[in-house]
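So the chains spell out like this:
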Amino acid sequence: MEELYSKTTASMQHSFIREILKVTKGVPGMISFAGGLPSPASFPKHLLAELFSNVITQEGDDVLQYGASDGDLVFKNIIKDFEEVPYLSDDEIMITVGSTNGIYFFTRTLIDPGDIIICEAPGFPGSLAAMESCGARMVGVEMDEYGMVPESLKVTLEKLISKGESVKFIYAIPEFQNPTGRTMDLNRRRAIIEIAVAFKIPILEDQPYRELRFEGERIITLWELARTEFNDPKLVTIAKSFSKILGPGLRLGFAAGPPEIIKPMVKWAQKSTVSPDCVTQRVAARFIEQGHMHQHVQNIIDLYHPRRDAMIKALKTHMPDNVYWTNPEGGMFIWVAFDKSVDTDKLFARAVENKVAFIPGSKFYPKGIMKKNELRLNFSYSNEEQILEGIRRLAGLL
Ligand SMILES: Cc1ncc(COP(=O)(O)O)c(C=O)c1O
């Protein structure tokens, strides 16, 4: 049968991360910091159960029918309200099947095979795989504490353009980045936008963790910053997700950007998903409309904040000298870097034998960058006790 595969299917790789998660899942006593999973304790199960029942009984004639490819108007209006962007027109926003779906449609809209996308290095492999499946070539730009380094971005763009390469967009996760947990500060956001404007290259802003801020000031998104301070409403398209605040199984997100981008994205939706799940959209709409979201997000923050603290404390207590880690103000991840002698791909096998798991840093780099001395830790899934014990076990292996 394989001989019938298209070239794209034949060249598609299995996700390394999913393979790693298989090794760690269901092993008795395993403490896993590997997955990017929200805690099941964060799912608003009872409220959702009630809302699903109400929506189907009271609004079933509408929501069990085929729906619009760009999403339910009721939900769109509630999102505009919740995100405080009432001025957004309906053709500047579409509902997506999780943000991966929005990222895929955006890529489909702009990428021909061989085109280049600039991404953070390290970056989120799920998106990089979705982009590569459209034929894109990923070029990573190094990061520092504040995200993508502007000077490196500029030099990279200059080099690529002078070679006649077709660079289509810049992909960035400015808040509590996956995998590093880092957040771009305001100056960095301005610097990245200035470069994008100068090179006339649009930005795809991926924002699944924005609500999960435990401390510090909220920073304006690249999307809003471009629209307001730079008076450029076409530069940035933002992809947001309900996965980390309501549950990834609901598969809900949205994308907002210029109609010139959103309209063709909707055309891709017409041909594949037809529409996002209409029942789920209305349930999420009623959840927000009835005023549950703010308290619910606070409950998640109250759950994750002590877990982040426990992980930082355990790292301080147990890690040897010369180990670096990020101290994220929110989100779900901490990034750890060792000196160059440590190979975390090798460390992984020993860690699993000792019943603790993480994702080796090498899995987060686009092809061609071979960094081996880093790893990603997730702190949202395990409780404080498991976090303390898991970090103790990991540090013991060094
Ligand atoms: C940075 C980033 N973007 C996108 C996603 C995908 O989210 P969704 O479940 O909405 O497709 C994730 C999920 O972990 C993520 O970390």
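Predicted model, so just to flag it, every value in this text is computed and none were measured.

Is there a simple way to think about the overall build of the protein chain in this case?
Within the protein chain, the regular secondary structure consists of 14 helices and 14 strands. In terms of overall size, the protein chain behaves like a compact globule, its C-alpha atoms giving a radius of gyration of 21 Å where 398 residues would be expected to give roughly 21 Å. In the form shown here, the protein chain has an accessible surface area of approximately 18000 Å², with 53% of it arising from carbon and sulfur atoms. Charged side chains of the protein chain number 46 positive and 51 negative; the gap between the two group centres comes to 5 Å.

Whenever I open this one, the site of the ligand confuses me. Can you help?
As a structural note, the neighbourhood of the ligand is formed by 13 residues, with Thr100, Asp206, Tyr209, Ser241 and Ser243 the closest of them. Ser99 is positioned with one of its backbone polar atoms (N or O) 2.7 Å from an oxygen atom of the ligand. Thr100 is positioned with one of its side-chain polar atoms (N or O) 2.6 Å from an oxygen atom of the ligand. The biggest single contributor to the shell around the ligand is helix α5 (residues 98-110), with three residues. Of the residues in the shell around the ligand, the class split is four nonpolar, six polar and three charged.

Help me understand empty space enclosed by the protein, please; the structure alone is not making it clear to me.
Take a probe with the size of a water molecule and roll it over the atoms, and the empty space left behind shows itself. For the structure on display, the rule yields one cavity of 30 Å³ or more. Roughly 40 Å³ of volume is contained in the largest cavity. In terms of lining residues, the largest cavity is bounded by Phe82, Glu83, Glu211, Lys240, Ser241, Phe242, Ile245 and Phe254. Class assignment of the residues belonging to the lining of the largest cavity gives a composition of four nonpolar, one polar and three charged.

Please explain the packing of aromatic side chains as it appears in this structure.
Each pair of aromatic rings is reported with the distance of its centres and the angle of its planes. Applying the stated criterion to the full structure yields eight aromatic pairs. A centroid spacing of 5.8 Å and a plane angle of 85° characterise the contact between Tyr209 and Phe333, whose relative ring orientation is edge-to-face. Of this pair, Tyr209 sits in the loop between β7 (203-207) and α9 (222-228) while Phe333 sits in strand β11 (residues 333-337), and the two are 124 residues apart along the sequence. Judged by relative accessible area, Phe333 falls into the buried class, the value being 0%. With a centroid separation of 5.7 Å and an interplanar angle of 90°, the aromatic rings of Phe348 and Phe358 are classed as edge-to-face. Of this pair, Phe348 sits in helix α13 (residues 344-353) while Phe358 sits in the loop between β12 (356-357) and β13 (359-360); the two residues are 10 residues apart in sequence, bridging distant segments of the chain. Since its relative accessible area comes to 11%, Phe348 is described here as buried. Residue Phe358 is classed as buried on the basis of its relative accessible area, which comes to 0%. By the ring-pair criterion, three or more aromatic residues cluster together here, those being Phe75, Phe242 and Phe254.

Can you help me understand the sheet that holds β13 in this one?
Hydrogen bonds between backbone atoms are what pair the strands of a sheet, whose relative direction is either parallel or antiparallel. Taken together, the four strands give an open sheet; going across it, the order is β10-β11-β14-β13, and neighbouring strands pair in antiparallel fashion. A single partner strand is all that each edge strand has here, and the edge strands are β10 (324-325) and β13. Where β10 lies against β11, two bridges are found, and the strand directions are antiparallel. Residue pairing in the sheet places Trp325 in a bridge with Val336 of β11.

Would you mind showing me how to read unusual backbone geometry here?
For the bond from Ala121 to Pro122, the omega torsion is 5°, close enough to zero to count as cis. Considering the arrangement of structural elements, one finds Pro122 in the loop between β3 (116-121) and α6 (125-132). Even without a glycine there, the phi angle at Glu84 is positive, about 55°. Inspection of the secondary structure assignment puts Glu84 in the loop between α4 (73-82) and β2 (93-96). Residue Glu84 is classed as exposed on the basis of its relative accessible area, which comes to 64%. Even without being a glycine, Asn322 presents a positive backbone phi close to 65°. For Asn322, the position within the fold is in the loop between α12 (293-318) and β10. Since its relative accessible area comes to 66%, Asn322 is described here as exposed.

Is there a simple way to explain the pattern of salt bridges in this structure?
Think of it this way: side chains of opposite charge can pair up when their charged atoms draw near. By the definition in use, this model includes 28 salt bridges. Residue Lys240 pairs with Glu211 through a salt bridge whose shortest N-O separation is 3.1 Å. Here Glu211 lies in the loop between β7 and α9 and Lys240 lies in strand β8 (residues 236-241), a separation of 29 residues in the sequence. Classification of Glu211 by relative accessible area gives buried; the value is 13%. One network of salt bridges, with partners in common, ties together Glu59, Asp62, Asp72, Arg282, Arg286 and Glu289.

Please clarify how the side chain of Asp115 should be interpreted in this entry.
Along the chain, Asp115 falls in the loop between α5 and β3. Among the polar contacts listed, one links the side chain of Asp115 to the side chain of Ser166, at a separation of 3.0 Å. Polar contacts involving the side chain of Asp115 include one to the side chain of Lys168, which spans 2.7 Å. In this structure, Asp115 is in contact with Leu110, Gly135, Ala136, Arg137, Ser166 and Lys168, ignoring residues within four places of it in sequence.

What is the right way to read the sheet that holds β7 from this model?
With mixed pairing, the eight strands of this open sheet are ordered in space as β2-β9-β8-β7-β6-β3-β4-β5. Lying at the two open borders of the sheet, with one neighbouring strand each, are β2 and β5 (147-148). Docked against the sheet, α6 engages β3, β4 (137-144), β6 (167-172) and β7, running at close to 165° with respect to β6. Along the sheet, helix α7 (residues 150-162) contacts β3, β4, β5 and β6; its crossing angle with β4, the most-contacted strand, is approximately 155°.

Rules used throughout
Residue indices begin from 1 for each chain and proceed along its sequence in written order. pLDDT decides what is reported in this predicted model: residues at 70 or higher carry local features, side-chain atom pairs at 80 or more are listed and counted, and totals for whole chains, interfaces and linings draw on all residues regardless. Side-chain numbers here rest on the full set of heavy atoms in the structure, without hydrogens or water. Helix and strand assignments come from DSSP, with helices taken as H or I runs of at least 4 residues and strands as E runs of at least 2, each series counted from the N terminus. As defined in this context, the radius of gyration uses C-alpha atoms, and a globule is described by 2.2 Å times the residue total to the power 0.38. Methods summary: accessible areas were calculated by the Shrake-Rupley approach with a probe of 1.4 Å, and residue burial reflects only the protein chains presented. Neither His nor the chain ends is counted toward charge; the positive residues are Lys and Arg and the negative residues Asp and Glu. Charge positions come from single atoms, namely NZ of Lys, CZ of Arg, CG of Asp or CD of Glu. Near residues are defined by distance, with any heavy atom within 4 Å of the molecule or strand qualifying the residue. N or O atoms closer than or at 3.5 Å make up a polar contact, with two conditions inside protein: a donor-capable atom paired with an acceptor-capable one, and, for residues adjacent in sequence, both atoms drawn from side chains. Each residue is assigned to one of three groups, with Ala, Val, Leu, Ile, Met, Phe, Trp, Tyr, Cys and Pro labelled nonpolar, Asp, Glu, Lys and Arg labelled charged, and all others, Gly among them, labelled polar. Using only the protein atoms, space was sampled on a 1 Å grid; points where a 1.4 Å probe fits but cannot get out form cavities, open sets with protein on both sides within 12 Å along at least five of seven lines form pockets, and lining residues are those with an atom within 4 Å of a point. Grid points are joined across faces, edges and corners, and a volume is the space filled by probe spheres set on the points. Note on ring pairs: Phe, Tyr and Trp rings are taken, using the six-membered ring of Trp, and paired if centres are within 6.5 Å. Classes follow the plane angle, with under 30 degrees stacked, over 60 edge-to-face and the rest tilted. Think of it in three bands: with a 1.4 Å probe and only protein chains considered, a residue is buried below 20% of the maximum accessible area for its type, exposed above 50%, and partly exposed in between. Only when DSSP finds a minimum of two bridges between them are two strands counted as paired. Here, a salt bridge means any Lys or Arg side-chain nitrogen found within 4 Å of an Asp or Glu carboxyl oxygen. By definition, residues are in contact when any of their heavy atoms lie within 4.5 Å. For helices, the fitted axis covers only the stretch in contact; all axes are lines through C-alpha atoms, and the angles between them, taken along N-to-C directions, range from 0 to 180 degrees.

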